[in-house]
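What follows is the residue order along each chain.
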Amino acid sequence: LATKSVLEKYASFNPSPLSLKKFVEFGRMGAMECSKEGSSKESYAFLQKELPVRLANIMKEISLLPENLLKMSSVKLVMSWYQQSFKELIEFENQDRINKNIMENFTHTLINIRNRHSNVVETMAQGVMELKENHGIDSNTENRIQYFLDRFYMSRISIRMLINQHILLFGKKEKNNDPRHIGCIDPNCNVSLVVQDAYENARFLCEQYYLAAPELNIVSKNSSVLENESDPIQIVYVPSHLYHMLFELFKNAMRATTEHHSEEDQIPPLNVMIVKGQEDLSVKISDQGGGIPRAKLELVFQYMYSTAPQPARSDIASAPLAGYGYGLPLSRLYARYFQGDIVLNSFEGYGTDAIIYLKVLSNEANEMLPVYNTTASKVYHTDIPVNDWSSSWVTSHRLQNPTPK
Ligand SMILES: N#Cc1c[nH]c2ncccc12
């Protein structure tokens, strides 16, 4: 009962978003011997409150899930991980005299929490699958689950970012750490190099399965007024996030291209364009994979659509590029986490442009964090309008009950 009231207390605070600029400035202080101890204590003081606040906010939302989903054993297991982690973190409450021992304990606790939650995505997907197999799901439930999972996984991305930064900056030094990086952030992330790395790895999988893979053409245009047109395009970003997005988009583009041209000797290349403007850094991957109809485009971002029941999964799970899984919705969350986005523009019958948008200015790259409040809670208690186009527009000649004017 005590933990419950503490949960209410922390859930009553809004999460505090940090910008990439703030992460870098703070990390640079932590990297200097003269200010390392002060920074580690400042990081501890911030996280000791911010992590329970972010956990409590999302735990309150989990409890609002459709009760059939809450009954799934996998969802109960995930909830138990969150409760245990919350309990461990509030042990540090009111530890006023911060000493070396408390700091080491805290870092160990963060490592334990990171490990405990390593399989949350797969376990939640298992819960969604169990629900699909045991209960019918109406479109309202599906919309609620989509709304929740976007917020739940965004919250998880943000909590893991905070934990990783503290462990990398103040935990035991790892060997293969790039000294120029600030924790998991590269202040000069060379976008073209990450594009090539993601392409090579996706190509390896594609050739293994399809015995062929499209070539890659890259065009770069640096339009930043602060730089020369020929300067390499760099950005303050988390390379692992950018890699995750690109790897996913390349896998889908390669699968579409090789399957659409399976009868031909030559398969058309993937054309990548990287443009740095004043506000946006855009990476477009254009393929000639036949495209996807507009009516189906939103489906590839739907968790429910991507959660095929287990038996159907086995025959395609062997295909490394199989299905869409959660890769696209999660990739879009990584892009949106620091105010970017992922957009798919498809030309059915020809191919698809997949575009990653990122913020050029690190002070504009603020964390996008879900906040548990009455607005959020209302979504779980009212039927979400699927979209108002269907209810207030006549789009077909089907006989419809005349709507009163
Ligand atoms: N992401 C992505 C995609 C990139 N090309 C595609 N073609 C059909 C369906 C999805 C995709």
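Now for a look at the structure at hand. (Residues numbered from 1 in each chain as written. Predicted model: local features only at pLDDT ≥ 70, side-chain atom pairs only at ≥ 80, totals over all residues. Heavy atoms only, no water.)

Now for helix α9 (residues 191-210). In this model α9 runs 27 Å from its N-terminal to its C-terminal C-alpha over 20 residues, within 8% of the 28 Å that 1.5 Å per residue would give. Residues of α9 that are buried: V191, S192, V194, V195, A198, Y199, A202, R203, L205 and C206. The elements touched by buried residues of α9 are β1 (186-190), β2 (216-222), β3 (234-237), α10 (239-260), β4 (270-276) and β5 (280-287). Its side-chain oxygen placed 3.1 Å from the backbone nitrogen of S192, N190 serves as the N-cap of α9. (Helix = DSSP H or I, 4+ residues; strand = E, 2+ residues; numbered from the N terminus. Expected span 1.5 Å × (residues − 1). Buried < 20%, exposed > 50% of the residue type's maximum accessible area, 1.4 Å probe, protein only. Contact = heavy atoms within 4.5 Å. Polar contact = N/O pair within 3.5 Å; in protein donor to acceptor, adjacent residues only side chain to side chain.)

At L211, a residue that is not glycine, the phi angle is positive and equals roughly 60°. Within the secondary structure, L211 is located in the loop between α9 and β2. You can call L211 exposed: its relative accessible area is 75%. Despite not being glycine, Q339 shows a phi value in the positive range, around 70°. When you line up the elements, Q339 lands in the loop between α14 (327-337) and β6 (341-347). For Q339, a relative accessible area of 34% translates into the label partly exposed.

So, about empty space enclosed by the protein. Per the counting criterion, the structure on display carries two cavities of 30 Å³ or more. Taken as a whole, the largest cavity encloses approximately 70 Å³ of empty space. Mapped by element, the contributors of at least two residues to the lining of the largest cavity are α6 (100-116) and α8 (139-170). A per-element tally of the lining of the largest cavity places α8 first, with four residues. Classifying every residue of the lining of the largest cavity by side-chain character gives five nonpolar, one polar and three charged. (1 Å grid on protein atoms, 1.4 Å probe; cavity = no way out; pocket = protein on both sides within 12 Å on 5 of 7 lines; lining within 4 Å. Points joined across faces, edges and corners; volume = space filled by probe spheres on them. Nonpolar A, V, L, I, M, F, W, Y, C, P; charged D, E, K, R; others polar.)

Our focus in this paragraph is the sheet that holds β6. Read from one edge of the open sheet, five strands run β2-β4-β5-β7-β6, paired in mixed fashion. With partners counted over all chains shown, the strands left at the sheet margins are β2 and β6, one partner each. Strand-to-strand twist of the sheet, defined as the mean angle between neighbouring strand axes without regard to direction, takes the value 15°. Of the pairings in the sheet, the one linking β2 to β4 comprises seven bridges and is parallel in character. (Pairing = 2+ DSSP bridges. Axes fitted to C-alpha atoms, helices over the stretch in contact; angles between N-to-C directions.)

Its volume calculated, the largest pocket comes out at about 460 Å³. Considering the residues around the largest pocket, the lining is formed by 19 residues, among which M103, E104, T107, F170 and G171 are closest to the centre. A per-element tally of the lining of the largest pocket places α6 first, with seven residues. In terms of residue class, the lining of the largest pocket is built from five nonpolar, six polar and eight charged.

What follows covers the packing of aromatic side chains. As enumerated under the stated definition, the model contains 18 aromatic pairs in all. Judged by centre distance (6.4 Å) and plane angle (90°), the ring pair of F23 and F338 falls under edge-to-face. Of this pair, F23 sits in helix α2 (residues 20-31) while F338 sits in the loop between α14 and β6, and the two are 315 residues apart along the sequence. Here F23 and F338 have matching classes, each one buried. In textbook terms, an aromatic cluster arises when at least three aromatic residues are bridged by ring pairs, as seen for Y82, F148, F152, Y153, Y303 and Y326. A cation sits over an aromatic face here: K49 above F13, 3.6 Å from the ring centre. Here the basic side chain of R332 rests over the ring of F301, its NZ or CZ set 4.0 Å away from the ring centre. (Phe/Tyr/Trp six-rings, centres within 6.5 Å; stacked < 30°, edge-to-face > 60°. Lys NZ or Arg CZ within 6 Å of the ring centre and 35° of its normal.)

Orientation of α10 relative to α14, taken along the N-to-C sense of each, is 145°, at an axis distance of 9 Å. Viewed along their axes, α10 and α14 form a crossing whose handedness is left-handed. Contacts from H241, H244, M245, E248, L249 and N252 in α10 reach G327, L328, L330, S331, Y334, A335 and Y337 in α14. Looking at the contact of α10 with α14 residue by residue, the classes come out as seven nonpolar, five polar and one charged. (Left-handed = near helix turned anticlockwise from the far one by under 90°.)

A word on the pairing of β1. Among the five residues in β1, four count as buried, and that is most of the element. Bridge count between β1 and β3: three bridges; the pairing is antiparallel. Bridge pairing in β3 places D186 opposite Y237.

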